[in-house]
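Here are the chains, one letter per residue:
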There are 2 protein chains.
Amino acid sequence: MKIGLDIMGGDFAPNATVLGAIEASKVLSNDQQLVLIGNKELALPIFEQAGIDASLFEFIHTTETISMGEHPTKAITHKPNASISLGFQLLKEGGIDSFASAGNTGAMLVGSMFSVKTVPGVIRPAIATNVPRLTSGFSVLLDVGANADCKPDNLLQFGILGSLYAQHVYSSENPAVALLNIGEEEEKGNMLTNAAHSLMKEAQAFNFIGNIEGRDLFEDHIDVIVCDGFTGNVVLKLAESFYSLTVKKGFKDPFFDRFNYEQYGGSPILGVNAPVIIGHGISNPEAIKNMILLSRDMIESKFVDKVKAAFK
Amino acid sequence: MKIGLDIMGGDFAPNATVLGAIEASKVLSNDQQLVLIGNKELALPIFEQAGIDASLFEFIHTTETISMGEHPTKAITHKPNASISLGFQLLKEGGIDSFASAGNTGAMLVGSMFSVKTVPGVIRPAIATNVPRLTSGFSVLLDVGANADCKPDNLLQFGILGSLYAQHVYSSENPAVALLNIGEEEEKGNMLTNAAHSLMKEAQAFNFIGNIEGRDLFEDHIDVIVCDGFTGNVVLKLAESFYSLTVKKGFKDPFFDRFNYEQYGGSPILGVNAPVIIGHGISNPEAIKNMILLSRDMIESKFVDKVKAAFK
């Protein structure tokens, strides 16, 4: 297996990405090979300083990058040699089995849809993230930003994608899928969630447990939380700001600690024809390492094959 | 001035409501008279036990109530003698100058629209709530649930209503109005926020400062946060659950303390022809007292007249 990593992505690249790759390599087995995409000349001194033999890693050298602020579609189109563009080209050609970057989120989304493309039957892919549960583990929240406007069909499909992800990548048995709404009763909600509820309760593809409210986000019995990308993005950023506040104020608690994005590494794009993971812009080596391990888990679990089978 | 209070509304009524009314009466001036609507026979023993002369209070006696779980429109229509229905009848006839209840939120919303009605020019009223700011004070978040589906025009009007509320009831000068969105740039968002941004930036009626994200909710420079009622409700309930967690985990902090709904008492319905305030279902006497004082402030500031003038 070949795990692709954009070493130019993120606020602390290439330092954080290279150090994360080194840490990951220590736990990867011999047949799990990292492919580092980016400026090799900038990476080599970091390996040297860490006392690690860079020749053990595969490199795809390029000096071009897509920055955080660039327009995704334009950047992907006009910069074919940027590390993100090269990563997707390799992914499409089978040179790597997964691609991860803590760089431009939009470029990662657009790149995945342009290159490996959406799985036939999936209307729109979704970005998923982990939400800590009160007692232990995580639930999967999606979509958190790929689709600002959704139709009921999209939410139904997010239920399928999230359920498969929880089941195969997080080994959750018969994952409980909930719809984020503004009331527990079936008839509550806006037009979108109301119609989505009707579709989801008839769905055979996953275990729908009904509506939850904003206050239920961290409940232990939930494995997957479905919402449109606007709501998900607002919720995610609000939760992150709360976590930051608890850190800033010196509150230590095992639950709040699990908000730390470093632990799960990144947010996968579900519904495209290969494992693609977007890291947090502020990813440190620990986050990069875990993003690589999540890439491995997505490849190993054959998650994409499960999605293809479900939407066939 | 006559301040109407439903003494049967809320999980701890009539005990919490009567005790709250007693506390409020201690700080109200002589010309600020409370009108208590509900079962007088249940209220009298509470006065007696508190050693307070009940004859100093005005009562509208009724034994009928609308419970928390009842269908709002049906309840308002079929129970004309329920405390909430009587409250709105009095409000419409001018027997009271404001009406507050910690009871059925939907009945309060429907009741206000059926009785005193929406201010001409206002498409839909909105429910506003207070969000603590990091350093001091509160911002006003609206809508938090009256309108699950909104059009851009609604959001524009929420900006006007929120700005007037911050200005006249909270004495905020030239309130900074922000749009809750999923990106700071003008072109970011879903179709609703994108179109609303275009309208809001051209608005003369308030000081629009642009988009904010979920992570900016508690920023000190924001006075009013505009969103649709679905997003607002999810955000509010998520924030409440975070606050509950910090309390449960024993974190003490002045910022988190200000999440406590007791301090601001209730959520006004903005855009109807009289001050109407909805209390939290779990209101204790302190919350009821502050809901009464907020009623007084809304009457004294002539908030409704300001709204009428703005939409004329």
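Since the structure is predicted, the reported quantities are computational estimates derived from the model, not experimental observations. The residue numbers shown here count from 1 along each chain, following its written sequence. Chains and ligands are labelled by the order in which they are written, letters from A for the one and numbers from 1 for the other. Only residues with pLDDT of at least 70 get local features here, since the model is predicted, and only at 80 or more are side-chain atom pairs given and counted; chain-wide, interface and lining totals rely on the full set of residues. Side-chain measures were taken over the full set of non-hydrogen atoms in the model, leaving aside hydrogen atoms and water.

(A) Highlighting the interface of chain B and chain A. The interface of chain B with chain A comprises 35 residues on the first partner and 35 residues on the second. Note on chain B versus chain A: buried area summed over both sides is about 3,400 Å², and carbon and sulfur give 75% of it. Broken down residue by residue, the surface that chain B buries against chain A is led by Ile182, Phe230 and Phe242 of chain B, which jointly contribute 21%. Salt bridge criterion: a side-chain nitrogen from Lys or Arg within 4 Å of a carboxyl oxygen from Asp or Glu. Across the salt bridge formed by lysine 249 of chain B and aspartate 253 of chain A, the nearest N and O atoms sit 3.1 Å from each other. Polar contacts here mean pairs of N or O atoms no more than 3.5 Å apart (in protein, one a potential hydrogen donor and the other a potential acceptor; neighbouring residues in sequence count only if both atoms are side-chain atoms). Joining chain B to chain A, the criterion identifies six residue pairs in polar contact (both at pLDDT 80 or more). The numbering of helices and of strands both runs from the N terminus, where a helix is a DSSP run of H or I of at least 4 residues and a strand a run of E of at least 2. When contributions to the side of chain B that touches chain A are tallied by element, the ones reaching two or more residues are α7 (191–202), α8 (229–248) and α9 (254–257) of chain B. We call two residues contacting when some pair of their heavy atoms lies within 4.5 Å. Summed over both partners, the accessible surface that disappears when two parts come together, traced with a 1.4 Å probe, is what is meant by buried area.

(B) How the structure looks around the domain arrangement of chain A. Residues and elements named next belong to chain A. Just so you know, the domain bounds were taken from an automatic or database domain assignment. Its domain assignment divides chain A into domain 1 (1–122 + 271–312) and domain 2 (124–264). The C-alpha centroid of domain 2 is placed 25 Å from the C-alpha centroid of domain 1. In this assembly, 25 residues from domain 1 lie in contact with 17 residues from domain 2. Together domain 1 and domain 2 conceal approximately 1,800 Å² of surface at their shared face, both sides included; 72% is due to carbon and sulfur atoms. Here domain 1 and domain 2 share zero salt bridges between them. Where domain 1 meets domain 2, there are four residue pairs in polar contact (both at pLDDT 80 or more). Elements represented by at least two residues in the side of domain 1 that touches domain 2 include exactly α5 (105–114), α10 (285–300) and α11 (303–310).

(C) Spatial organisation of the relation of the copies chain B and chain A. Copies overlap after least-squares fitting; the atoms used are the C-alpha atoms of residues with pLDDT of at least 70 in both. Note on the identical chains: chain B maps onto chain A by a rotation of 180 degrees and an axial translation of 0.0 Å, with an RMSD of 0.0 Å. The transformation just described matches what one would write down for a two-fold rotation axis. Here 100% of the interface residues in chain B have copies in chain A that are interface residues too; the copies meet face to matching face.

(D) Layout of the packing of aromatic side chains. In this analysis, rings of Phe, Tyr and Trp, with Trp reduced to its six-membered ring, are considered paired at centre separations within 6.5 Å, and the interplanar angle assigns stacked below 30 degrees, edge-to-face beyond 60, and tilted for intermediate values. Applying the stated rule across the entire model yields 32 aromatic pairs over all chains. Ring centres of phenylalanine 251 of chain A and phenylalanine 256 of chain B lie 5.8 Å apart, and the angle between their planes is 40 degrees; on these two criteria the pair is classed as tilted. With one member in each of two chains, phenylalanine 251 of chain A in the loop between α8 (229–248) and α9 (254–257) and phenylalanine 256 of chain B in helix α9 form a pair that bridges those chains. For the pair formed by phenylalanine 251 of chain A and phenylalanine 256 of chain B, the shared burial category is buried. Whether a charge sits over a ring depends on NZ of Lys or CZ of Arg being within 6 Å of the ring centre and within 35 degrees of the ring normal. Just above the ring of phenylalanine 138 of chain A sits the side chain of arginine 258 of chain A; from NZ or CZ to the centre is 5.9 Å. When a residue's accessible area, from a 1.4 Å probe over protein chains only, is under 20% of the maximum for its type it is buried; when over 50% it is exposed; and in between it is partly exposed.

(E) Highlighting the packing of helix α1 (residues 15–27) of chain A against α10 of chain A. Residue and element names in this part refer to chain A. As a rule, the C-alpha atoms of each element are fitted with a line to give its axis, helices using only the stretch in contact, and angles between N-to-C directions run from 0 to 180 degrees. Axis separation between α1 and α10 bottoms out at 7 Å; the angle between their running directions is 50 degrees. Here α1 lies oblique to α10, going by the angle between them. Of the two possible hands of crossing, α1 and α10 adopt the one that is right-handed. Where α1 approaches α10, its residues Ala16, Thr17, Leu19, Gly20, Ala21, Glu23, Ala24 and Val27 are matched on the opposing element by Pro285, Ile288, Lys289, Ile292, Leu293 and Arg296. Residues that form the contact of α1 with α10 fall into these classes: nine nonpolar, two polar and three charged. Oblique is the label for every angle not falling under 35 degrees (roughly parallel), over 145 degrees (roughly antiparallel), or within 65 to 115 degrees (roughly perpendicular). Here is the rule for handedness: rotate from the far helix to the near one, and if that takes an anticlockwise turn smaller than a right angle the crossing is left-handed, while a clockwise turn gives right-handed. Note that Gly is not counted as nonpolar here; it falls among the polar residues with everything else outside the nonpolar set of Ala, Val, Leu, Ile, Met, Phe, Trp, Tyr, Cys and Pro and the charged set of Asp, Glu, Lys and Arg.

(F) Helix α2 (residues 40–50) of chain A, seen in detail. All names here are of chain A. By the burial criterion, the buried members of α2 are Ala43, Ile46 and Phe47. Taken down its axis, α2 places every buried residue within 100 degrees of arc, on the same side. More than 90 degrees from the buried face of α2, the exposed residues found are Glu41, Glu48 and Gln49. Of the surrounding elements, those touching the buried residues of α2 are α1, β2 (33–38) and β3 (58–61). Throughout, the arc means the angular range of directions from the helix axis out to the C-beta atoms.

(G) Representation of the sheet that holds strand β8 (residues 207–212) of chain A. Residue and element names in this part refer to chain A. Strand order across the open sheet formed by eleven strands is β3-β2-β1-β4-β11-β10-β5-β6-β9-β7-β8, with mixed pairing between neighbours. Both outer strands of the open sheet, β3 and β8, are each paired with one neighbouring strand and no more. Strand-to-strand, the axes of this sheet are offset by a mean angle of 25 degrees, without reference to chain direction. The pairing criterion for strands is at least two bridges between them, as found by DSSP. Pairing analysis gives three bridges linking strand β6 (residues 138–142) to strand β9 (residues 224–226), with the strands arranged parallel. Bridging from a neighbouring strand, leucine 142 pairs with valine 226 of β9. Running over the sheet, α5 touches β4 (98–101), β5 (126–132), β10 (266–270) and β11 (276–279) and is turned about 175 degrees from β11.

(H) How the structure looks around the sheet that holds strand β4 (residues 98–101) of chain B. All names here are of chain B. Within the open sheet, the eleven strands sit side by side as β3-β2-β1-β4-β11-β10-β5-β6-β9-β7-β8. Their pairing is mixed. Every interior strand has two partners, whereas the edge strands, β3 (58–61) and β8 (207–212), have only one. Recorded for the sheet is a direction-independent mean angle of 25 degrees between the axes of neighbouring strands. Pairing of strand β7 (residues 176–180) with β8 involves five bridges; the strand directions are parallel.

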